[in-house]
Amino acid sequence: MSGNLRRVAVMPGTGIGPEVTAQAVRVLEWFATRRTVPIDIAHPPSGPSAYATLGTPMPDSTLEALRNADAILFGAAGGPEIDAMPPAMREAGGLRRLRKEFDMFANLRPVVARAATIDSSTLKREVIDGVDMIIVRELTGGLYFGTPRGIETLPDGRRRGINTQVYTTDEVERVARVAFELARGRSGRLTSIDKANVMESGVMWREEVERLHRAEFSDITLNHLYVDNAAMQIVRDPRQFDVIVTDNLFGDILSDCAAMITGSLGMLPSASFSARAADGRRRALFEPVHGSAPDIAGKGIANPVGAILSAGLALRHAIGTAADADLLDRAVNDALSRVRTADIRQPDRTVVSTTGMGDAVLAALDRLNGS
Ligand code: NAD
């Protein structure tokens, strides 16, 4: 293989994670064989199965493989298999650890209203037609990592649960810089979302974003919204947004909300990046936005489009070319115009299984590639 071989490490996770990831892997294999994209796909042991056989959900060799990968393809975490492991093992093998350990602080979540699925949304066509936005979620700080945290028992017997919303200026600046740069390559508009009317961390967030704006990005049109208003605006008039930057908690919630523009949580991909090292490399993890969906796991009905589009983000940003990613995007549109998984069913479209949707995307790739 050539020197520019790109390493992909697959971590399917639990629940519907392995089901949807299998379809994303088929797509990457198609690009390796039909378009000679130099990809080496590895499946290092991880998760509950590695815990059962090797005594740890994250063997050192797996961590090393992930560290050396150009792209990590992740499925989904959570659910009964994870709950059955001891807490320390859950933490050791968890996604939160990986994000923190590799310092993948910038999580990009594109939300696109596709013509093929526009009627699958619960929102009106005239509200969502043309939506094309990216939510940049801060991923390694804020409420999900802040300390003190925990549940304690007070002297009078009451219990107290504690989490801490905390950010430092450098954490805000680096994720805001990613968002400003993205906006510069798109429409030149950035919306920063916080809760500065109530939270000091939000005041500091807003001041840092404004400082960076003045110092380096005065060509970008910046506006700020409080998160409660932002949630309302996303369903009222989502076309007003291009690039959004927000913290870990708000980004988690707002992106699930925005997912309904696409018709289903199962449609949304994401990419998480660290800063670039001196050699230009950065750690990158690609995963659908949804979780392990225990309610439908094992039924073969999960929508794999979010996972397949995550492979598309990997092609675009880590292991292929923009032309490869564009081809996959067109193939997904083509497949969606013919068949649907149950979550985005439409009266005039055949409902297919998870694998059936993978088949449809591969068939569309063959057609569009002329092979
Ligand atoms: P979820 O995203 O797993 O599911 C929410 C709803 O959306 C469910 O009704 C589910 O059936 C549906 N859904 C999700 N993905 C779908 C798909 N691809 N196709 C069709 N329908 C789909 O969220 P949840 O139920 O709140 O959480 C379940 C578990 O997942 C929890 O343990 C949670 O912590 C975990 N979780 C993990 C991640 C991640 O791995 N990044 C993200 C969110 C939640």
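Structural data are supplied above this passage.
Presented here is an overview of the structure given in this document. (Residues numbered from 1 in each chain as written. Predicted model: local features only at pLDDT ≥ 70, side-chain atom pairs only at ≥ 80, totals over all residues. Heavy atoms only, no water.)

1. Some thoughts on the overall build of the protein
- Helix and strand counts for the protein stand at 14 helices and 14 strands.
- A compact globule built from 371 residues would reach a C-alpha radius of gyration of about 21 Å, and the protein, at 21 Å, matches this within 12%.
- Within the protein, the proportion of its 371 residues that are buried is 52%.
- Surface accessibility of the protein: about 15,900 Å² in total, with carbon and sulfur atoms responsible for 52%.
- Counting 43 positive and 46 negative side-chain charges, the protein places the centres of these two groups 2 Å from one another. (Helix = DSSP H or I, 4+ residues; strand = E, 2+ residues; numbered from the N terminus. Rg over C-alpha atoms; globule rule 2.2 N^0.38 Å. Buried < 20%, exposed > 50% of the residue type's maximum accessible area, 1.4 Å probe, protein only. Areas by Shrake-Rupley, 256 points an atom, 1.4 Å probe, with all protein chains shown as cover. Lys, Arg positive; Asp, Glu negative; His and termini not counted. Charge placed at Lys NZ, Arg CZ, Asp CG, Glu CD.)

2. Things to note about the packing of helix α13 (residues 322-336) against helix α14 (residues 354-369)
- It is the contact of α13 with α14, at a shortest axis distance of 8 Å, that shows an interaxial angle of 120°. What the angle tells us is that α13 and α14 run oblique. Considering how the two elements wind past one another, α13 and α14 form a crossing that is right-handed. Taking contact as the criterion, the partners of Leu327, Leu328, Arg330, Ala331, Val332, Asp334, Ala335 and Leu336 in α13 are, on α14, Met357, Ala360, Val361, Ala364, Leu365, Arg367, Leu368 and Asn369.
- Considered class by class, the residues forming the contact of α13 with α14 number 12 nonpolar, 1 polar and 3 charged. (Axes fitted to C-alpha atoms, helices over the stretch in contact; angles between N-to-C directions. Parallel < 35°, antiparallel > 145°, perpendicular 65-115°, else oblique. Left-handed = near helix turned anticlockwise from the far one by under 90°. Contact = heavy atoms within 4.5 Å. Nonpolar A, V, L, I, M, F, W, Y, C, P; charged D, E, K, R; others polar.)

3. Here's the deal with the environment of leucine 265
- With respect to the helices and strands, the residue leucine 265 is situated in the loop between α11 (248-259) and β11 (269-273).
- C-alpha of leucine 265 to C-alpha of threonine 221: the two residues are 44 residues apart in sequence and 30 Å apart in space.
- If we skip the residues at most four places from it in the chain, leucine 265 touches Asp256, Ala259, Val289 and His290.

4. A closer look at the sheet that holds strand β10 (residues 243-246)
- As summarised here, the arrangement of the 10 strands in space is β2-β1-β3-β12-β11-β4-β5-β10-β8-β9, forming an open sheet in which the pairing is mixed. Edge positions in the sheet fall to β2 (39-42) and β9 (221-226), since each of these pairs with one other strand and no more. Neighbour-to-neighbour, the strand axes of this sheet turn through a mean angle of 25°, independent of strand direction.
- Where strand β8 (residues 189-194) and β10 come together, 4 bridges link them in parallel fashion. Opposite threonine 191, over in β10, you have isoleucine 244 as the bridge partner.
- Contacts from helix α1 (residues 17-34) reach β1 (6-13), β2 and β3 (71-76), with the element oriented near 145° to β3.
- Its contacts with the sheet place helix α8 (residues 169-184) against β4 (106-112), β5 (132-138), β8, β9 and β10, and it is angled at close to 165° to β5. (Pairing = 2+ DSSP bridges.)

5. Focus: the packing of aromatic side chains
- The tally for this structure, following the rule as stated, stands at 4 aromatic pairs.
- For the pair tryptophan 30 and phenylalanine 31, a centre-to-centre distance of 4.9 Å together with 75° between the ring planes defines the contact as edge-to-face.
- Exposure remark for tryptophan 30: the relative accessible area of 5% places this residue in the buried category.
- We classify phenylalanine 31 as buried; its relative accessible area is 0%. (Phe/Tyr/Trp six-rings, centres within 6.5 Å; stacked < 30°, edge-to-face > 60°.)

6. A word on the pattern of salt bridges
- Under the defined criterion, the tally for this structure stands at 28 salt bridges.
- Between arginine 114 and aspartate 329 there is a salt bridge, with the nearest N and O atoms lying 2.9 Å from each other. Placement of the pair is arginine 114 in the loop between β4 and α7 (125-128) and aspartate 329 in helix α13, with a sequence separation of 215 residues.
- Using a relative accessible area of 29% as the deciding quantity, one classes aspartate 329 as partly exposed.
- Glutamate 152 is paired through a salt bridge with arginine 160; the nearest N and O atoms lie 2.6 Å apart.
- Overall, the relative accessible area of 30% leaves glutamate 152 in the partly exposed class.
- Connected through shared salt-bridge partners, Glu173, Arg177, Glu208, Arg211 and Glu216 make up one network. (Salt bridge = Lys/Arg side-chain N within 4 Å of Asp/Glu carboxyl O.)

7. Overview of the nonpolar core
- Ranked by internal contacts, the top residues of the largest apolar core, which has 70 residues, are Phe286 and Leu365.
- When near neighbours in sequence (up to four residues on either side) are disregarded, leucine 365 contacts Val27, Trp30, Phe31, Leu327, Leu328 and Ala331.
- Counting residues in hydrophobic clusters, the runner-up holds 22 residues, among them Val127, Leu225, Ala259 and Ile261. (Core = buried A, V, L, I, M, F, W, Y, C linked by side-chain atoms within 4.5 Å.)

8. Describing the site of the ligand
- Lining the immediate environment of the ligand, one finds 22 residues, of which Ala77, Gly291, Ala293, Asp295 and Asn303 sit closest.
- Between the ligand and histidine 290, the relevant distance is 3.4 Å, taken from a nitrogen atom to a side-chain nitrogen or oxygen of the residue.
- Every element with two or more residues in the shell around the ligand is listed here: β3 and α6 (95-101).
- Residues that form the shell around the ligand fall into these classes: 11 nonpolar, 7 polar and 4 charged. (Near = heavy atom within 4 Å. Polar contact = N/O pair within 3.5 Å; in protein donor to acceptor, adjacent residues only side chain to side chain.)

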